[in-house]
Amino acid sequence: MNQEGLLEGLRKTVQQVLKAPYYQKKLAEAGIFYPADIKTIEDFRRIPLTQKEDLRQNYPFGLFAEPMDKIVRVHASSGTTGKPTVVGYTREDIKLWAKIVANGLKRIGVTTNDVIQVAYGYGLFTGGMGLHYGCERLGALVIPISGGNTHRQLMLMRDFGSTVLCCTPSYALYLADSMEEVGITKEDLKLRIGIFGAEPWTEKMRYEIENRLGIRAIDIYGLSEIMGPGVSMECLKCNGLHIDENFYPEVLDAEGNVLPEGEPGELVFTSLDKMGFPVLRYRTKDLTSLSYGTCECGHVGWTMQRVSARVDDMLIIRGVNVFPSQIEEAILSVSGVEPHYLIIVDRHDNLDTLEVLVELSADSFTDEIRELELLQANIEDKIEEVIGLSVKVRLVEPKSIPRSEGKAKRVEDRRKGKM
Amino acid sequence: MLQLSIFLENAKGRLAEVLNILAELNVNIRALSLADTKDYGVLRIIVEDPETIAQELKKRDCIVKLTKVWTLKVPDRPGGLAETLNKLVMEDVIVEYMYAFVEKEKEQAQVVLRVRDNDLMQKAVAKHGLQ
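What you are looking at is a predicted structure, and each value in this text was computed from that prediction instead of being measured.

**Considering the overall build of chain A**
Right, so step 1: Helix and strand counts for chain A come out as 11 helices and 21 strands.
Right, so step 2: On C-alpha atoms alone, chain A measures out to a radius of gyration of 22 Å, which is about the 22 Å that the 2.2 N^0.38 rule sets for 419 residues.
Right, so step 3: Over its C-alpha atoms, taken along the principal directions, chain A stretches across nearly 75 × 55 × 40 Å.
Right, so step 4: Within the span of chain A, comprising 419 residues, buried residues form 43% of the whole.
Right, so step 5: Of all intrachain contacts in chain A linking residues separated by at least 6 positions in sequence, the fraction that spans at least 24 positions is 66%.

**Section: the overall build of chain B**
Right, so step 1: Within chain B one finds 4 helices and 7 strands.
Right, so step 2: Shown N-terminal to C-terminal, the secondary structure of chain B runs as helices and strands in the order β-α-β-β-α-β-β-α-β-β-α.
Right, so step 3: Taking the principal axes of the C-alpha coordinates as reference, chain B spans close to 40 × 30 × 30 Å.
Right, so step 4: For chain B, the residues scored as buried account for 25% of the 131 residues in total.
Right, so step 5: A fraction of 66% describes how many contacts in chain B between residues 6 or more apart in sequence connect residues 24 or more apart.

**What about the sheet that holds strand β3 (residues 40–46) of chain B?**
All names here are of chain B.
Right, so step 1: One open sheet accounts for 4 strands, arranged β2-β3-β1-β4; its pairing is antiparallel. This sheet does not close on itself; its edge strands, each paired only once, are β2 (31–36) and β4 (64–68). Across the sheet, the mean angle separating the axes of adjacent strands is 25 degrees when strand polarity is ignored.

**A short note on the interface of chain B and chain A**
Right, so step 1: Opposite the 15 residues of chain B that make contact, chain A presents 15 residues.
Right, so step 2: Among the secondary structure elements, those contributing two or more residues to the side of chain B that touches chain A are β1 (2–9), β3 and β4 of chain B.
Right, so step 3: Here the residues of the side of chain B that touches chain A are counted per class, giving 5 nonpolar, 3 polar and 7 charged.

**Here we look at the domain arrangement of chain A**
All names here are of chain A.
Right, so step 1: Partitioning chain A into structural domains gives domain 1 (89–311) and domain 2 (314–413).
Right, so step 2: One C-alpha centre belongs to domain 1, the other to domain 2; they are set 27 Å apart.
Right, so step 3: Residue-level contacts link 18 residues of domain 1 with 14 residues of domain 2.
Right, so step 4: Broken down by element, the residue count for the side of domain 1 that touches domain 2 peaks at 4 residues, all from helix α8 (residues 169–182).
Right, so step 5: For the side of domain 1 that touches domain 2, the per-class residue count stands at 8 nonpolar, 7 polar and 3 charged.

**Brief notes about the sheet that holds strand β6 (residues 95–100) of chain B**
Residue and element names in this part refer to chain B.
Right, so step 1: Strand order in the open sheet formed by 3 strands is β5-β7-β6, with antiparallel pairing between adjacent strands. Pairing within the sheet leaves two strands with one partner each, and these edge strands are β5 (70–75) and β6. In this sheet, neighbouring strand axes are inclined to one another by 30 degrees on average, regardless of whether the strands run parallel or antiparallel.
Right, so step 2: Bridging between β6 and strand β7 (residues 108–115) involves 5 bridges; their strand directions are antiparallel. Looking across to β7, one finds that Y99 is bridged to V112.
Right, so step 3: Docked against the sheet, helix α3 (residues 80–90) engages β5, β6 and β7, running at close to 130 degrees with respect to β5.

**A few points about helix α5 (residues 91–107) of chain A**
Residue and element names in this part refer to chain A.
Right, so step 1: The terminal C-alpha atoms of α5, which comprises 17 residues, lie 25 Å apart, in line with the 24 Å expected from a rise of 1.5 Å per residue.
Right, so step 2: Among the residues making up α5, those that are buried are D93, W97, A98, I100, V101, A102, G104 and L105.
Right, so step 3: Turning to α5, the residues buried within the fold contact β2 (85–90), α6 (126–138), β7 (216–223) and β8 (228–234).
Right, so step 4: Phi turns positive, to about 85 degrees, at G109, one or two residues after α5.

**Some words on helix α1 (residues 3–17) of chain A**
All names here are of chain A.
Right, so step 1: Taking 1.5 Å of rise per residue, 15 residues should cover 21 Å, and α1 covers 21 Å from first to last C-alpha, within 8% of that figure.
Right, so step 2: Residues of α1 that are buried include every one of L10, T13, V14, Q16 and V17, and no others. Projected down its long axis, α1 carries its buried residues within an arc of 165 degrees, all on one side. In α1, the exposed positions angled more than 90 degrees off the buried face are occupied by E4 and G5.
Right, so step 3: Among the structural elements, α2 (21–29), α3 (41–44), β10 (247–252) and β11 (265–271) are those in contact with the buried residues of α1.

**Section: the pairing of β3 of chain B**
Residue and element names in this part refer to chain B.
Right, so step 1: In terms of residue burial, β3 counts as a mostly covered element, since 6 of its 7 residues are buried.
Right, so step 2: As paired elements, β1 and β3 share 6 bridges and run antiparallel to each other. Bridge pairing in β3 links L8 to G41.
Right, so step 3: Between β2 and β3, which pair antiparallel one after the other, the connecting turn spans 3 residues.

**Description of the packing of helix α7 (residues 150–159) of chain A against α8 of chain A**
Residues and elements named next belong to chain A.
Right, so step 1: Axis separation between α7 and α8 bottoms out at 10 Å; the angle between their running directions is 80 degrees. Relative to α8, the element α7 is oriented roughly perpendicular. Counting all contacts with α7, which are made through T150, H151, Q153 and L154, the residues of α8 involved are Y174, L175, S178, M179 and V182.
Right, so step 2: The residue inventory of the contact of α7 with α8, partitioned by class, reads 5 nonpolar, 4 polar and no charged.

Rules used throughout
Residues numbered from 1 in each chain as written. Chains lettered and ligands numbered in written order. Predicted model: local features only at pLDDT ≥ 70, side-chain atom pairs only at ≥ 80, totals over all residues. Helix = DSSP H or I, 4+ residues; strand = E, 2+ residues; numbered from the N terminus. Rg over C-alpha atoms; globule rule 2.2 N^0.38 Å. Buried ≥ 20, exposed ≤ 12 C-beta atoms within 10 Å, placed from the backbone. Contact = placed C-beta atoms within 7 Å. Pairing = 2+ DSSP bridges. Axes fitted to C-alpha atoms, helices over the stretch in contact; angles between N-to-C directions. Nonpolar A, V, L, I, M, F, W, Y, C, P; charged D, E, K, R; others polar. Domains from an automatic or database assignment. Expected span 1.5 Å × (residues − 1). Arc of directions from axis to C-beta. Parallel < 35°, antiparallel > 145°, perpendicular 65-115°, else oblique.

Below you can see the structure in the form of structure tokens.
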């Protein structure tokens, strides 16, 4: 998109958000009263960032930019801290979203012949319905099974001949575990592609999922505040997630300065053609970097690297910034353990302690304590190498770390109240 | 002989749980040793038909391994075990670990040995007529 086209889209969103009094006030403080005040990209960058807190303050519908009779659907993100954040869609928004998801599916070779098992939760969470409408728009067969009920998932996957699976990557691994339990092998399934998102994951996890399920694993990204799943998605080249042209991305440093291409920072989005709930410079809290260009798959525009971590996920241990994803990479680089782990941060005598429970895999168990101790020390070394902090690894039995049917719980911070 | 080695997390009641499973499976433990570290343990047992029991334990989410071990009869008197071990040392056999049987034969005790090199052990057993 050329600069003028972009500015036009940005002005359109400014015009749209100005329908909400909250934004009028916020933009006025930055000296922006009319869409025409955005003459250059620098003008645009004067616009204050929007964040989850803004949505909470305007709970539930305060930031909707269209009258309620034009809003046909709401979604909400879970309110782990306080009230949920609510977003609204007009009929046109829903159509646009479906088209965006359908385009992403087409890019990875999904066709009308595919049978798509949508195992994301259906409901206020955007995952289930977002994928669902995209699949229907494409014309594929959708199995709206939603999340959970793992044995049933597997039975239908086999009996209906599902070719595409949509769920969280940790649930994909959970399904692979359960396949062994119920005696279904990947050869019994017709699965060929998995579309996984809603939580950060790593290349190692991709490798694991691809091998165990015999599929290509594709990363999809999105959040309800921007639209839902499909804001960006990988193509089969898997060199990053292509951002749909309806969203303008920026990556910012901790002070809010726009970073050049390739530099990692917090991802911020502005919607360009959304009516019900337009967003201006919305902080995703996700860490990534951006590049602009043309991909072999035909996509032209912005591509983001897979989200390595969330700003919120960052743990500060003994003053050092640690991301769970770094620990995960380290664990998965050691053979003989399962990709299931739990990071426990605690505080003893005013000193932070870091312990990681790692499930031992049945194949790598050896009778000799020495070997087990070696494995444990090996994992400790790998983690210490990456994060630069001493760590205690504890090998535990398989399946002793609670499995999630949605987002995985990887961190237990027991320091609260011990500060 | 094959020994069952079972990984045990250091969690309250875990050993009892595993022993209860063995009881349900009607397994008689003939010899047993528990190696422990601060964080986990390894239960090593000698039972009838270890292959089948290993399968059953796997079905119940236990981490199990079959390990080749040797059993030797040793005279049940002071110095009996030392004598046997001296013979093994002469043949360069390195013992990784060892434990005794629960039951005893008349005048004889039995021990379970895990050795580093099974070929050397084979030779030592043959040469000294160990049983």
